[in-house]
Amino acid sequence: MNSNETVTPQALHFVENSKSKEPAIKVGISSCLLGQNVRFNGGHSRSNYCDDTLQNHFSFETFCPEMAAGFGAPRPTLRLEGDPNAPRLAYSNKPGSNVIDEFLAPSQLYVETLDHLDGYILMKKSPSCGLSRIKVYQENGNPHTKQRSGLFTELLQKKYPYLPIEEDARLNDPALRENFILRVYAHHEFRHCVDAKLSMHALLEFHSRYKYVVMSQSQPAYKALGKLLSENRSMSIIERRDCYFSTFMEALSKPAKRRNHCNTLMHLMGYLKRHVESSIRRDILNVIEQYRRGEVNLTTPMTLLQHYLKHYGSEYVKQQRYTSPYYPSELGIRNQI
Ligand code: SF4
């Protein structure tokens, strides 16, 4: 099949799944993670967290690039061979074989259709879906020291460089999980509140809501985004939007450090200065210090601050995504970081 041929969604092994009744956030996922029997051995790699928890909030769209390529299940295992920058896709039992063209054609077409997604969850260790650390074998049978992403993942990242992408196994890490959820919801909010009605006003409103989220993630990005919106008057709204979005998503790309959270919490404390007596502010400061030392999780100082900001904070601080996250509270992800 060449890349100009039309492939129907069915032929791409594309299925939309949702247990949610809300207008769900659409997230792509490797089919095997939702229990579809598409693995080389005819089995699956169902992820309890994705299927039982995230599926209540996300509308998952599954895709198996190897099934889409017509390789069938069960099938011999595949591996990457040759040049790590331009590998072959070979059957492990036939070193030197190459099915990369058959593999790439349907995946390339599928990737073109994904601009409605706000995230992607991938299966680890797969030469197709792996996010990183995928081995590439040399002609002598030994793997190169240089590892890379899977072939489908590479297509996805090239087309959507700011799409939140994560491997299912990494979602077991509370900090990585919190970061992925934050990125997916921020990506969704940006597309719906800024992209959908692009204007300087929409961009400023979004920035105003995410100011403390960005501060907790990266001080340089916090300064750069403020500057971008207040200066560069000759920039078109499209250029400003693109520049804002790339800097914003890059700032969110790694979990926030504990010391940055502490710094942000201290800034928020400033809103209580005039209304809350000093003994109470001292108590809150003590809890922030406990968080800094790792004795309590982020929910503890946050809940305390939220309580006082709710009563004494300005409207501006109450609408902050840092204190009133866009993602559902039942995901409870700050309980563990
Ligand atoms: S890892 Fe990717 S290619 Fe492999 S079975 Fe799962 S969805 Fe298919």
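Residues numbered from 1 in each chain as written. Predicted model: local features only at pLDDT ≥ 70, side-chain atom pairs only at ≥ 80, totals over all residues. Heavy atoms only, no water.

1. A look at the sheet that holds strand S5 (residues 86–91)
Within a sheet, each strand pairs with its neighbour through backbone hydrogen bonds, oriented either parallel or antiparallel.
Part 1 of the argument: The 3 strands are arranged S5-S4-S7 in an open sheet whose pairing can be described as mixed. Two strands close off the open sheet at either side, each with one partner strand: S5 and strand S7 (136–137).
Part 2 of the argument: Sheet topology places strand S4 (residues 78–83) next to S7; 2 bridges connect them, and they run parallel. When the bridges of S7 are listed, Leu80 appears paired with Val136. (Pairing = 2+ DSSP bridges. Helix = DSSP H or I, 4+ residues; strand = E, 2+ residues; numbered from the N terminus.)

2. Some thoughts on the domain arrangement of the protein chain
Part 1 of the argument: Taken domain by domain, the protein chain comprises domain 1 (15–172) and domain 2 (173–337).
Part 2 of the argument: On a C-alpha basis, the centres of domain 1 and domain 2 stand 32 Å from each other.
Part 3 of the argument: Taken residue by residue, the interface counts 23 residues in domain 1 and 19 residues in domain 2.
Part 4 of the argument: Around 1800 Å² of area is buried between domain 1 and domain 2 when both sides are counted, 64% of it from carbon and sulfur atoms.
Part 5 of the argument: Between Glu166 and Arg183 there is a salt bridge whose closest N-O contact spans 4.0 Å.
Part 6 of the argument: Between domain 1 and domain 2 we count 8 residue pairs in polar contact (both at pLDDT 80 or more) in total. (Domains from an automatic or database assignment. Contact = heavy atoms within 4.5 Å. Buried area = accessible area lost by both parts, 1.4 Å probe. Salt bridge = Lys/Arg side-chain N within 4 Å of Asp/Glu carboxyl O. Polar contact = N/O pair within 3.5 Å; in protein donor to acceptor, adjacent residues only side chain to side chain.)

3. As for the packing of aromatic side chains
Part 1 of the argument: If you walk through the whole model with that rule in mind, you get 19 aromatic pairs.
Part 2 of the argument: Geometrically, the ring pair formed by Phe58 and Phe60 is edge-to-face, given 5.9 Å between the ring centres and 85° between the ring planes. For the pair shown, Phe58 and Phe60 are each scored as buried.
Part 3 of the argument: Three or more aromatic residues joined by ring pairs form one cluster here, namely Tyr162, Phe190, Phe206, Tyr210, Tyr244, Phe245 and Phe248.
Part 4 of the argument: The ring of Tyr137 has Arg79 lying over it, and the distance from NZ or CZ to the ring centre is 4.3 Å.
Part 5 of the argument: A cation over an aromatic ring shows up here: Arg177 above the ring of Tyr49, its NZ or CZ 5.3 Å from the ring centre. (Phe/Tyr/Trp six-rings, centres within 6.5 Å; stacked < 30°, edge-to-face > 60°. Buried < 20%, exposed > 50% of the residue type's maximum accessible area, 1.4 Å probe, protein only. Lys NZ or Arg CZ within 6 Å of the ring centre and 35° of its normal.)

4. A look at the site of the ligand
Part 1 of the argument: Around the ligand, the structure places 14 residues, and the nearest of them are Cys32, Cys64, Glu66, Met123 and Cys129.
Part 2 of the argument: Classifying every residue of the shell around the ligand gives 7 nonpolar, 4 polar and 3 charged. (Near = heavy atom within 4 Å. Nonpolar A, V, L, I, M, F, W, Y, C, P; charged D, E, K, R; others polar.)

5. Points about the nonpolar core
Part 1 of the argument: Formed by 90 residues in total, the largest nonpolar core has its most connected members in Leu54, Phe58, Tyr120, Ile121 and Phe248.
Part 2 of the argument: No fewer than three residues from each of domain 1 (15–172) and domain 2 (173–337) sit in this core.
Part 3 of the argument: Ignoring any residue separated from it by four or fewer positions in sequence, one finds Phe248 in contact with Ala186, Phe206, Tyr210, Val214 and Leu225. (Core = buried A, V, L, I, M, F, W, Y, C linked by side-chain atoms within 4.5 Å.)

6. Let's talk about the pattern of salt bridges
Part 1 of the argument: Per the stated rule, a full pass over the model turns up 19 salt bridges.
Part 2 of the argument: Between Asp52 and Arg46 there is a salt bridge, and its shortest N-O distance comes to 2.6 Å.
Part 3 of the argument: Owing to a relative accessible area of 33%, Arg46 belongs among the partly exposed residues under this scheme.
Part 4 of the argument: We note a salt bridge from Arg170 to Glu166, for which the minimum N-O separation is 2.4 Å.
Part 5 of the argument: The exposure class assigned to Glu166 is buried, which follows from its relative accessible area of 2%.
Part 6 of the argument: Salt bridges here are not isolated pairs; linked through shared partners, they connect Arg79, Glu81, Arg88 and Glu139.

7. Some thoughts on the pairing of strand S2 (residues 25–30)
Part 1 of the argument: Most of S2 sits inside the fold, with 5 of its 6 residues counted as buried.
Part 2 of the argument: As defined by bridge partners, S2 adjoins strand S3 (residues 58–63) across 6 bridges and the pair is classed as parallel. Following the sheet pairing, Val27 is matched in S3 by Phe60.
Part 3 of the argument: Pairing geometry for S2 and strand S6 (residues 119–122), over 3 bridges, is parallel.

8. Some words on helix H7 (residues 219–230)
Part 1 of the argument: Counted at 1.5 Å a residue, the expected span for H7 with its 12 residues is 16 Å, and the 17 Å between its end C-alpha atoms agrees.
Part 2 of the argument: The set of residues buried in H7 consists of Ala221, Leu225, Leu228 and Leu229. In a view along the axis of H7, the buried residues occupy a sector of 90°, so they form one face of it. What points out from H7, more than 90 degrees from its buried face, is the exposed set Pro220 and Lys223.
Part 3 of the argument: Against the buried residues of H7 lie helix H6 (200–217) and helix H8 (237–251).
Part 4 of the argument: Asn232 occupies a position one or two residues after H7 and carries a positive phi of about 50°. (Expected span 1.5 Å × (residues − 1). Arc of directions from axis to C-beta.)

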